[in-house]
Amino acid sequence: MHRLTRRAKGRAYQSPHELRDEGEYEAALGEIERLLDADVQAGSEGYDRLEFLSVLVEHYEDEHHPMGPVTPRQAVAFMLEQRGVGYGGMSIGDAGVTIV
């Protein structure tokens with residue numbers, strides 16, 4: 001198994017474990033972002049680490065930051081916000097919704 005190598009609140013991680021606090025959660029998110037930016041390939045050690053950290057983060061979020069049900073409108077609004085566009089930046093056509 002992999003281990004987190006970043007420090008959260010001054011702690012280094014010596015063995016795999018569930019994320020225990022916001023500091024470890026934030027460190028895991030940072031590592032996930034770094035791995036995504038590195039465009040790790042399926043089957044590589046980095047990809048395995050990405051999957052492992054993603055499971056830890058998903059579990060932590062389910063326990064500490066539950067979202068509850070999300071409507072399609074809320075999902076689209078979130079997606080647009082993440083891309084920095086408003087509803088005016090969306091085109092709806094026969095092929096579906098396109099962000100322009």
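Refer to the structure printed above.
Note that the structure is predicted; figures quoted are calculated from it, not measured.

**Student:** Give me the lowdown on helix H1 (residues 22-37), citing residues and values where you can.
**Tutor:** Its 16 residues give H1 an end-to-end C-alpha distance of 22 Å, which sits within 8% of 22 Å, the value for a rise of 1.5 Å per residue. Those residues of H1 that fall on the buried side of the exposure criterion are Gly-23, Glu-24, Tyr-25, Ala-27, Ala-28, Glu-31, Ile-32 and Leu-35. You can read the cap of H1 off the contacts: a side-chain oxygen lies 3.1 Å from the backbone nitrogen of Gly-23, and it is on Asp-21. Count one or two residues on from H1 and you reach Asp-39, which has phi positive near 50°.

**Student:** Explain the layout of surface pockets to me, using residue names and the numbers behind them.
**Tutor:** The rolling of a water-molecule-sized probe over the atoms marks out the regions of remaining empty space. The space that makes up the largest pocket amounts to roughly 180 Å³. Forming the boundary of the largest pocket are Met-67, Val-70, Gln-74, Ala-75, Phe-78 and Gln-82.

**Student:** Describe helix H3 (residues 72-83), naming the residues involved and giving the relevant values.
**Tutor:** Over its twelve residues, H3 extends 17 Å from the first C-alpha to the last, a length consistent with the 16 Å expected when each residue adds 1.5 Å. Along H3, only one of the twelve residues are buried, which leaves the element largely exposed. Among the residues trailing H3, Gly-84 stands out with phi positive, at a value near 75°.

**Student:** I'd like a rundown of the packing of aromatic side chains, residues and numbers included.
**Tutor:** Tallying each qualifying case throughout the model produces one aromatic pair. With a centroid separation of 4.9 Å and an interplanar angle of 25°, the aromatic rings of Tyr-25 and Tyr-60 are classed as stacked. Remark: Tyr-60 occurs in helix H2 (residues 45-64) and Tyr-25 occurs in helix H1; sequence separation between them is 35 residues. Just as Tyr-25 is buried, Tyr-60 falls in that class too.

**Student:** Give me the lowdown on the pattern of salt bridges, citing residues and values where you can.
**Tutor:** Counting across every chain of the model gives three salt bridges. For the salt bridge of Arg-34 with Glu-31, the shortest nitrogen-to-oxygen distance reads 2.9 Å. Of the two residues, Arg-34 and Glu-31 are both situated in helix H1; the distance of three residues between them amounts to about one turn of the helix. Relative accessible area serves as the criterion here: at 4%, Glu-31 is assigned to the buried category. Glu-31 is paired through a salt bridge with Arg-49; the nearest N and O atoms lie 3.0 Å apart.

Calculation criteria
Residues numbered from 1 in each chain as written. Predicted model: local features only at pLDDT ≥ 70, side-chain atom pairs only at ≥ 80, totals over all residues. Heavy atoms only, no water. Helix = DSSP H or I, 4+ residues; strand = E, 2+ residues; numbered from the N terminus. Expected span 1.5 Å × (residues − 1). Buried < 20%, exposed > 50% of the residue type's maximum accessible area, 1.4 Å probe, protein only. Polar contact = N/O pair within 3.5 Å; in protein donor to acceptor, adjacent residues only side chain to side chain. 1 Å grid on protein atoms, 1.4 Å probe; cavity = no way out; pocket = protein on both sides within 12 Å on 5 of 7 lines; lining within 4 Å. Points joined across faces, edges and corners; volume = space filled by probe spheres on them. Phe/Tyr/Trp six-rings, centres within 6.5 Å; stacked < 30°, edge-to-face > 60°. Salt bridge = Lys/Arg side-chain N within 4 Å of Asp/Glu carboxyl O.

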